[in-house]
Amino acid sequence: MTEKGVGRFNIYLNKTMENIISLEARVEESDSQKRIDVVAALYFKNFSRSTIQKWIKEENLRVNGKIIKPKILVSTGDLITVRAIPEKRSEDVPQKLDLDILFEDLDLIIIDKPHGLVVHPGAGNRDKTLMNGLLNYEESLSYLPRAGVVHRLDKDTSGLMVVAKNEASYMSLVKQLKDRSVRRNYSAVVVGEPISGDTINLPIGRHPKIRTKQAVNPKGKEAITEFKVVKRMKGYSLLSISLKTGRTHQIRVHLSYRKFPIVGDRLYGGGKFAAKTSEETKSILKLMTRQALHASSLSFVHPKTSESIKFQSNLPSDMSKLVNSLEARNA
């Protein structure tokens, strides 16, 4: 693949059988007498500062064909070249999975993740994860941290995720998450009927007694969740939720703490029923075998075009049937 015109420079990424990275740029007058690692990071925007410093250390980045040190100053007209073999970041096994890809370009992939699919391999889930599927779909993702996955969803939470396809996009998206400029909205069916929307600003940390759980904890990290009531359904509600932070189990913990656990969430109290729930309704609710939580919209700035983009996903069939059944009780 050849990419041209990154910033003011022509950058060439030639992928041969050995996956050789080949880059070059000439130093402009405005960048004369600056450190080589600073200038190279400016010119080769597809790669992180740490990657560039590693290239210098391993003698893969040179100036005028000469081996250099990270602190040397460059001059106008100097030719910076890189010849390197990219290092794999993931040794996980590629596996063929059916991925629901809503959008893809040269820089990112938008996936609608089904519930039941684990994002990263880990204890108890060594394979058949989203990451395994991504590595099979696009081999080059093995050269990115976590195969380009920049945020995660719980196994039994469905919905939208963004995956970076190159290092520049990965860095951009991670920074946007850190700066809280990525907007993530969720839909959830909860036990109870909040009087109105609210902002929950309570720190979250590991549960003091149960290691598999998180909890509101004054010693935890800042966590901010906002929600609005979309529908009330005789003891149950459909909420629209937005995240300002991204703590583990954040929505589930916050709503449970406020006594509005997510339907189907056995870990955080969503297996309970609202008062005066009929036996018929209980049988409907028991069909929801996972937390009724769906990442319904995702918006951010495109890493390459700098345009604001937004993606949306309808409620999956299990949640849609649940809402329809609960609404029918109100008719």
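Residues numbered from 1 in each chain as written. Predicted model: local features only at pLDDT ≥ 70, side-chain atom pairs only at ≥ 80, totals over all residues. Heavy atoms only, no water.

Asker: Outline the nonpolar core, supporting the account with residue identities and numerical values.
Answerer: Membership of the largest hydrophobic core comes to 45 residues, with the highest contact counts inside it found for Val189, Leu255, Val263 and Leu322. Contact partners of Val189, with chain neighbours within four places excluded, come to Met233, Ser237, Leu238, Pro261, Ile262, Val263, Ala292, Met319, Leu322, Val323 and Leu326. Counting 20 residues, the second-largest nonpolar core is a separate cluster that includes Ala25, Tyr43, Phe47 and Leu61. (Core = buried A, V, L, I, M, F, W, Y, C linked by side-chain atoms within 4.5 Å. Buried < 20%, exposed > 50% of the residue type's maximum accessible area, 1.4 Å probe, protein only. Contact = heavy atoms within 4.5 Å.)

Asker: Before we move on, can you summarise helix α7 (residues 317-328) with the specific residues and values?
Answerer: Between its first and last C-alpha, α7 extends 16 Å over 12 residues, near the 16 Å set by a 1.5 Å rise per residue. Turning to α7, its buried residues are Met319, Leu322, Val323 and Leu326. In an axial view of α7, the angular spread of the buried residues amounts to 95°, which keeps them on one side of the axis. Facing away from the buried side of α7, by more than 90 degrees, are the exposed residues Ser317 and Lys321. On its buried face, α7 sits against β8 (183-191), β12 (224-232), β13 (236-243), α6 (279-286) and β14 (293-301). (Helix = DSSP H or I, 4+ residues; strand = E, 2+ residues; numbered from the N terminus. Expected span 1.5 Å × (residues − 1). Arc of directions from axis to C-beta.)

Asker: Describe the packing of α6 against α7, naming the residues involved and giving the relevant values.
Answerer: Look at α6 against α7: their axes get within 10 Å of each other, and the N-to-C directions meet at 170°. When the interaxial angle is binned, α6 and α7 end up roughly antiparallel. In this structure, α6 uses Thr281, Ile284 and Leu285 to contact α7, whose residues at the interface are Leu322, Ser325 and Leu326. Taken together, the residues of the contact of α6 with α7 break down into four nonpolar, two polar and no charged. (Axes fitted to C-alpha atoms, helices over the stretch in contact; angles between N-to-C directions. Parallel < 35°, antiparallel > 145°, perpendicular 65-115°, else oblique. Nonpolar A, V, L, I, M, F, W, Y, C, P; charged D, E, K, R; others polar.)

Asker: Account for the packing of aromatic side chains, naming residues and giving values.
Answerer: Tallied over the entire structure, the rule returns three aromatic pairs. Here a set of aromatic residues connected by ring pairs shows up, and it is made of Phe103, Phe300 and Phe311. (Phe/Tyr/Trp six-rings, centres within 6.5 Å; stacked < 30°, edge-to-face > 60°.)

Asker: Just give me the short version of the sheet that holds strand β2 (residues 61-63), but keep the residues and values in it.
Answerer: Pairing is antiparallel in the open sheet, where four strands are placed in the order β1-β4-β2-β3. Two strands in the sheet have a free side with no partner beyond their single neighbour: β1 (21-26) and β3 (66-67). Relative to β3, β2 runs antiparallel, the two being bridged by two bridges. Counterpart to Arg62 in the pairing with β3 is Ile67. Its contacts with the sheet put helix α2 (residues 49-57) on β1, β2 and β4 (79-84), and the angle it makes with β2 is roughly 70°. (Pairing = 2+ DSSP bridges.)

Asker: Help me get a handle on the pairing of strand β15 (residues 308-312), residues and values and all.
Answerer: Walk down a regular strand and you will see the side chains alternate between the two sheet faces. With burial as the criterion, only one face of β15 is covered, namely that bearing Ile309 and Phe311; the residues Ser308, Lys310 and Gln312 on the opposite face remain uncovered. Summarising the sheet, β14 and β15 pair through five bridges and their orientation is antiparallel. Residue Ser299 lies in a different strand from β15, and its bridge partner there is Lys310. As consecutive antiparallel partners, β14 and β15 are separated by six residues, and within that stretch Ser306 has a phi angle of approximately 65°, a positive value.

Asker: An account of unusual backbone geometry is requested, with residue identities and associated values reported.
Answerer: The phi dihedral of Asn64 is positive, around 55°, even though this residue is not glycine. Tracing the backbone shows Asn64 in the loop between β2 and β3. Under the relative-accessibility criterion, Asn64 is labelled partly exposed at 43%.

Asker: With reference to specific residues and values, describe the packing of helix α1 (residues 36-43) against α2.
Answerer: At their nearest, the axes of α1 and α2 sit 9 Å apart, and the two run at 125° to each other. Our classification of the angle between α1 and α2 gives oblique. Helix-helix and strand crossings are classified by hand; for α1 and α2 the assignment is right-handed. Facing Ile36, Asp37, Val38, Ala40 and Ala41 of α1, the residues of α2 in contact are Arg49, Ile52, Gln53 and Ile56. (Left-handed = near helix turned anticlockwise from the far one by under 90°.)

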